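Structural characterization, general
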Amino acid sequence: MRAGRGVLLTGASGYLGSLIATTLLLGEPDVRILAPVRPGHDPLALLATLRSELIASGAVAPEAMLERLSFTALPAFGSLAALLPELAAFGIEEVVHCAACLDYFDEAALQAINVGLTEELLALAGSAGVRRFTYVSTAFSSGYVDHRIGETLHGDPEGDPTDYTKTKRLAERRVAESGIAYLILRPSIVIGHSGDGRYSGKRYGLYQLWSGIERLLCREWHETIHAFAPRERINLIHQDAFQNAFLAGWQQLPDNSILNMVAAEACAPTVRDLWVLWLEAVNRPRQTVFYDRMADIPSRAIPPPQRALLALASVNLEIIGHPWRFDRAGLDRLIAAGVTFPEATLATIEICQNRLIDQSAAIEKFLAKHEQRFALAG
Amino acid sequence: MNMTSVAAAPGAAEPPSAFDTGYYDLIAYVVSNAIAGEIMAIENYSEMVHLMPTTQAKIETVMQANEECKHILLLSKLGRTLDIGVQRRIVEPQWNTIRKHFSNAVARRDLPACLIIQDLMTETMAILLYRTLAAEAETDPRTAQVAAAILKDELEHLEIGKARLRELLAADPAAVHDALAWAHHRVMPELFAMISTSCHFLCDDLGIDCGSLSLGSIRTDIEQLRVRGLELYVETLDSLFDPKITNPLIASMSAYEGASNMFPQAASGAACCGSQAANRVPAAAASCCGPAAKAAPAEAACCAQTAGQA
Ligand SMILES: NC(=O)c1ccc[n+]([C@@H]2O[C@H](COP(=O)([O-])OP(=O)(O)OC[C@H]3O[C@@H](n4cnc5c(N)ncnc54)[C@H](OP(=O)(O)O)[C@@H]3O)[C@@H](O)[C@H]2O)c1
Ligand SMILES: [Fe+2]
Ligand SMILES: [Fe+2]
């Protein structure tokens, strides 16, 4: 059981955590993973998610790979130290911390989980003599700043979109101050696989907008659609690009590195491009009115479903509308050294979009209902 | 004051005799939960009388409480007419939670918060419910008739609340905005939970088998109700507040469903009635629970799932 390197991975029941688990199982044959998850999860269901991702990634012997992973119960806050004997028995050498609260609106939970849990895990890692602590942060942890976002720790910004970015920034600092060697990874917005569009995450980021349109604007046909569509480029990365960059960063970067896992600006589409891509595929309004600024939208005058969508997505839309500019020297070096990083272009994003459309009963119904109208419109 | 969709099989209105047991179980469920909402409304209005600034406003508030009493009587009578068992007490826990928040606002003498909870939020959801029940093509004529009568009062209550809040907004906008944010984060999750989460005890109390409420008797699905509820709530807020104030509040509603996956397996069904029933019911039938209903996982999340982004 002790052969190979032990890695403690948090957040394995979530989207990126499960992708990291499969990446390590596929790319690091001598790694064994101990994955604490909150009580209430069905380990078989979690394994099934990992298995299908392994198979989709071309694994020939997924069962053998999964034998290198063990789920364990995550103790309650304040008692993480209870894991210490298990860490020692498992031979844990590294921690990858991917559990987090992503609820923008729950300030207490953001603080408790993103900062508190990270602090506790750092203490545990210290006691266990862990060699390195990898922290999955976010590209937006800088908060709103007017300069290019570097691959260093952030100072205090002028403001934060939400407490989510603030608490992720604070957690990064705790990691860097811990005295344990660290790697901080900062992905931007992760979307489905560049090849087949598969996506097992929640409705975050772009998926929030897509599923919002699916639920609100696909019940009836809208002749005119009012869209908040700033001309800013939107920074998206595919899950396979994330996985490749994760593995390369984990294997190659020196201790105490910070990696911005972001899209090349030149390839990134604008929010408007994404609206056009979706509306041409699904809603096909006669007219679309684009707005550069949220404040320009006549909220009270637009149809209720469009108004509701705008409000629901408003916080993410505001974030997307900000001109984020990232350094990606670290990633560019990894790419130059041979890492494959499929950029999210309009064509590959369309693959993800089509996957969602193909799986949506609501969209299928909508398109069938308006088949004639759309056929006539050409 | 709960919402559900009650309906004949797709098609035109049918006489009551054409409605099946599933339909009447559903109506019993919805009416019982509506009565619970009305009981809460009586208690809320009665508790806030002393906060009303003028004698005229106190009288009006007592009259509103009285109208809520009438609604309970009307709904009880409807139960007898249709020969369905209805509960005349609060069963689902969300109502008690909302009551507690309301009492807390009263204790702080926070009149804007009281008006927002009762007159804006609860009445908006009551309007959604009674509008759905009053749609003649979807329910039996007696239910539709009673719902239409109550709907008229609830629309009035909403307007009275709005007028009072407009005055308070003119005097102290910051206090009203604070009250809105406070009430929104506490009350709206409870109200929306009732359009999707399990009915904790009510089906048991009524002796209803959740699984018996079949798809055939339901037309307006839960997802649609949630969307309509959201739209109506946004409309109510827009009539009083600047979108700059309300947008972030509404954005937080995308988090209400917790963490559901993007492509859940709709067919697997949802565990109806929480801990009560271990049986899994098909997705469609799952609409039995909740103040109306309980959606299958695929239907459960209102609009955009939320929150997180990166
Ligand atoms: N998805 C993206 O586009 C994206 C982009 C940039 C950065 N990130 C970062 O990536 C990480 C994972 O995000 P994700 O997209 O994978 O989110 P996710 O699918 O929601 O996963 C979150 C994980 O954190 C766990 N968690 C939440 N609250 C917890 C608590 N109180 N105690 C212990 N564990 C808790 C969850 O456990 P349960 O399953 O038990 O809820 C789950 O395993 C986060 O740190 C996030 O900041 C994500
Ligand atoms: Fe009423
Ligand atoms: Fe009322």
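In this text the structure is predicted, and so the values were computed from the model without any measurement.

Residues and elements named next belong to chain A. Annotation of chain A at the domain level lists domain 1 (5–191 + 236–261) and domain 2 (206–235 + 266–323 + 343–368). For domain 1 versus domain 2, the separation of C-alpha centres amounts to 31 Å. Surface buried jointly by domain 1 and domain 2 totals about 1200 Å² across both partners, of which 71% is contributed by carbon and sulfur atoms. For the pair domain 1 and domain 2, the interface holds zero salt bridges. Our count for the domain 1 to domain 2 interface comes out at five residue pairs in polar contact (both at pLDDT 80 or more). Mapped onto the side of domain 1 that touches domain 2, the elements with two or more residues apiece are β7 (189–191) and β9 (236–238). A class-by-class count of the residues in the side of domain 1 that touches domain 2 yields nine nonpolar, three polar and no charged.

A positive phi angle, close to 65°, is found at N256 of chain A, a residue other than glycine. Position of N256 of chain A among the secondary structure elements: in the loop between α8 (239–252) and β10 (257–261). Of note in this structure, R109 of chain B is not a glycine but carries a positive phi near 55°. Position of R109 of chain B relative to the elements: it lies in the loop between α3 (93–107) and α4 (111–134).

Time to look at the sheet that holds strand β5 (residues 132–136) of chain A. Adjacent strands of a sheet pair through backbone hydrogen bonds, lying either parallel or antiparallel. Residues and elements named next belong to chain A. The strand order β3-β2-β1-β4-β5-β6-β10 describes an open sheet built from seven strands, whose pairing is parallel. Either end of the sheet is taken by a strand with one partner, and the two such strands are β3 (69–73) and β10. Averaged over neighbouring strand pairs, the angle between their axes works out to 20° when direction is ignored.

Time to look at the coordination of the iron ion (ligand 3). Residues and elements named next belong to chain B. Donor atoms from the polypeptide that coordinate the iron ion (ligand 3) comprise E68 (OE), E123 (OE), E123 (OE), E154 (OE) and H157 (ND1), at 2.0 to 2.7 Å from the metal. Positions of the donor residues of the iron ion (ligand 3), expressed as sequence spacing, correspond to E-x54-E-x30-E-x2-H. Between the iron ion (ligand 3) and the iron ion (ligand 2) the interatomic distance comes to 3.6 Å, and E68 is a ligand of both metals. Residue E68 is found in helix α2 (residues 55–82), and its partner H157 is found in helix α5 (residues 141–171); the two are separated by 89 residues along the sequence. With relative accessibility at 0%, the residue E68 sits in the buried group.

Quick look at the UniProt feature "domain: Thioester reductase (TE)" (unreviewed entry) in chain A now. Those residues carrying the UniProt feature "domain: Thioester reductase (TE)" (unreviewed entry) are residues 9–237 of chain A in this numbering. Structurally, residues 9–237 of chain A comprises 38% helix and 18% strand, and the distance from its first C-alpha atom to its last is 22 Å.

This part is about the packing of aromatic side chains. Describing an aromatic ring pair means giving the distance of the ring centres and the angle of the ring planes. One pass over the full model with this rule turns up 14 aromatic pairs over all chains. Ring plane angle 35° and centroid distance 5.5 Å describe the contact between Y144 of chain A and W324 of chain A, whose orientation is recorded as tilted. Residue Y144 of chain A is found in the loop between β5 and α6 (163–177), and its partner W324 of chain A is found in the loop between α11 (314–320) and α12 (329–336); the two are separated by 180 residues along the sequence. Using a relative accessible area of 9% as the deciding quantity, one classes W324 of chain A as buried. An aromatic cluster of at least three residues, connected via ring pairs, comprises Y15, Y199, Y207, W210 and W278 of chain A. The residue whose ring lies beneath R32 of chain A is F90 of chain A, and the NZ or CZ to ring-centre distance is 4.8 Å. Across from the ring centre of W182 of chain B, 4.3 Å away, lies the NZ or CZ of R108 of chain B, which sits over that ring.

Our focus in this paragraph is the side chain of T10 of chain A. Its place among the elements puts T10 of chain A in strand β1 (residues 5–10). Separated by 2.7 Å, the side chains of T10 of chain A and H97 of chain A make a polar contact.

Moving on: the packing of α2 of chain B against α5 of chain B. Geometrically, a packed helix pair is captured by the angle between its two axes and the distance between the axes. Residue and element names in this part refer to chain B. Where α2 meets α5, the axes come as close as 10 Å, and the angle between the chain directions of the two elements is 165°. As judged from the angle between their axes, α2 and α5 are roughly antiparallel. Along this stretch, α2 crosses α5, giving a crossing that reads as left-handed. Packed against α2, whose contacting residues are A57, E60, T61, Q64, E67, E68, H71, L74, L75, L78, T81 and L82, the element α5 presents R142, T143, V146, I150, D153, E154, H157, I160 and R164 at the interface.

A few words now on the coordination of the iron ion (ligand 2). Around the iron ion (ligand 2), the donor atoms from the protein are E38 of chain B (OE), E38 of chain B (OE), E68 of chain B (OE), H71 of chain B (ND1) and E154 of chain B (OE), and they sit 1.9 to 2.4 Å away. Between consecutive donor residues of the iron ion (ligand 2), the sequence gaps follow E-x29-E-x2-H-x82-E.

Residue and element names in this part refer to chain A. In the vicinity of ligand 1 lie 27 residues, with S13, Y164, K168, K202 and Y204 positioned nearest. A distance of 2.7 Å separates an oxygen atom of ligand 1 from a polar side-chain atom of R38. The contact in question runs from an oxygen atom of ligand 1 to an N or O atom on the side chain of K202, over 2.6 Å. Starting from 890 Å² of accessible surface for ligand 1 in isolation, the protein chains cover 91%. Residue assignment for the shell around ligand 1 shows that the elements contributing at least two residues are α1 (15–27), α5 (107–127), α6 and β7. Its residues assigned to classes, the shell around ligand 1 comprises 16 nonpolar, eight polar and three charged.

Conventions used here
- Residues numbered from 1 in each chain as written.
- Chains lettered and ligands numbered in written order.
- Predicted model: local features only at pLDDT ≥ 70, side-chain atom pairs only at ≥ 80, totals over all residues.
- Heavy atoms only, no water.
- Domains from an automatic or database assignment.
- Buried area = accessible area lost by both parts, 1.4 Å probe.
- Salt bridge = Lys/Arg side-chain N within 4 Å of Asp/Glu carboxyl O.
- Polar contact = N/O pair within 3.5 Å; in protein donor to acceptor, adjacent residues only side chain to side chain.
- Helix = DSSP H or I, 4+ residues; strand = E, 2+ residues; numbered from the N terminus.
- Nonpolar A, V, L, I, M, F, W, Y, C, P; charged D, E, K, R; others polar.
- Pairing = 2+ DSSP bridges.
- Axes fitted to C-alpha atoms, helices over the stretch in contact; angles between N-to-C directions.
- Donors = N, O, S within 2.8 Å, 3.2 Å for Na, K, Ca; no water.
- Buried < 20%, exposed > 50% of the residue type's maximum accessible area, 1.4 Å probe, protein only.
- UniProt positions renumbered as here; feature names shortened; annotations may be inferred.
- Phe/Tyr/Trp six-rings, centres within 6.5 Å; stacked < 30°, edge-to-face > 60°.
- Lys NZ or Arg CZ within 6 Å of the ring centre and 35° of its normal.
- Parallel < 35°, antiparallel > 145°, perpendicular 65-115°, else oblique.
- Left-handed = near helix turned anticlockwise from the far one by under 90°.
- Contact = heavy atoms within 4.5 Å.
- Near = heavy atom within 4 Å.
- Areas by Shrake-Rupley, 256 points an atom, 1.4 Å probe, with all protein chains shown as cover.

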